[in-house]
Amino acid sequence: METFKLDKKYILAYWITFSTYILFFLVLMLTMGYSYNAPLNHLWIRRAGLVIFLGGWLIWYLGRKKLGHQSVDIDPLGDVAKKIIFPSYKKVHIKPKKIVSDGIYKITRHPQYWGTVLFYIGLAIALVSIPALAFAIIIVLPTHIWRAKVEEKMLEKLFGAQYLDYKKKTKF
């Protein structure tokens with residue numbers, strides 16, 4: 001089995017996007033229920049938020065399920081624990097045999113990222129928080145776009161022309 005090492009910029013992108021999730025929930029919890037959120041507090045707007053939330057989760061799930069064991073997982077807490085218990089532990093990433101380009105990956109190269117962004121936007125709308133909605137659009141969305149670009153550079157190194165061809169066929 002061929003292995004590879006994760007790009008340091010990809011690991012940084014992971015941690016930054018992970019941090020935005022924590023900050024999003026902090027903003028959401030601190031801003032729900034205030035009167036300045038009134039423009040979102042209409043039943044149909046909240047229902048639309050719920051639909052966007054569930055749609056985002058579904059897109060994320062379909063992407064995750066399609067990748068299966070080929071997903072490059074970063075398990076920071078598990079890796080830290082293993083390193084403490086087993087000092088010689090080194091995480092090995094096995095290079096996927098091929099690019100997943102069917103199913104939802106025929107439509108988008110990053111369904112998990114786009115699904116996550118929609119999830120947070122929908123959650124902010126459904127739970128009536130304009131600051132959390134703004135945070136999702138201004139912070140969560142751009143960090144995921146950046147992470148997707150970083151990931152694509154890593155995939156170009158791993159797969160070369162095969163990935164470049166896939167990029168041409170599939171938008172965003």
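Placed above this text is the structure.
Residues numbered from 1 in each chain as written. Predicted model: local features only at pLDDT ≥ 70, side-chain atom pairs only at ≥ 80, totals over all residues. Heavy atoms only, no water.

1. Digging into the packing of helix α1 (residues 8-31) against helix α5 (residues 130-159)
At step 1: Where α1 contacts α5, the axes come no closer than 9 Å and their chain directions differ by 170°. One finds that α1 runs roughly antiparallel with respect to α5.
At step 2: The class makeup of the residues in the contact of α1 with α5 is 19 nonpolar, five polar and three charged. (Axes fitted to C-alpha atoms, helices over the stretch in contact; angles between N-to-C directions. Helix = DSSP H or I, 4+ residues; strand = E, 2+ residues; numbered from the N terminus. Parallel < 35°, antiparallel > 145°, perpendicular 65-115°, else oblique. Nonpolar A, V, L, I, M, F, W, Y, C, P; charged D, E, K, R; others polar.)

2. A look at the pattern of salt bridges
At step 1: Applying the stated rule across the entire model yields five salt bridges.
At step 2: Between glutamate 156 and lysine 167 there is a salt bridge; the shortest N-O distance is 2.7 Å. Of the two residues, glutamate 156 sits in helix α5 while lysine 167 sits in helix α6 (residues 161-169), which places them eleven residues apart along the sequence.
At step 3: Taking the relative accessible area as the measure of exposure, lysine 167 reaches 25% and is therefore partly exposed.
At step 4: Residues aspartate 165 and lysine 169 are paired through a salt bridge, measuring 3.3 Å at the closest nitrogen-oxygen approach. Linking aspartate 165 with lysine 169, this pair stays in helix α6, spanning four residues, or about one helical turn. (Salt bridge = Lys/Arg side-chain N within 4 Å of Asp/Glu carboxyl O. Buried < 20%, exposed > 50% of the residue type's maximum accessible area, 1.4 Å probe, protein only.)

3. Side note on the side chain of arginine 109
At step 1: Tracing the backbone shows arginine 109 in the loop between β2 (93-94) and α4 (111-126).
At step 2: A distance of 3.3 Å separates a polar atom in the side chain of arginine 109 from the backbone oxygen of lysine 167.
At step 3: For arginine 109, the side chain forms a polar contact with the main-chain oxygen of threonine 170, separated by 2.3 Å.
At step 4: Beyond its immediate stretch of four places on either side in the chain, arginine 109 contacts Glu152, Tyr163, Tyr166, Lys167, Thr170, Lys171 and Phe172. (Polar contact = N/O pair within 3.5 Å; in protein donor to acceptor, adjacent residues only side chain to side chain. Contact = heavy atoms within 4.5 Å.)

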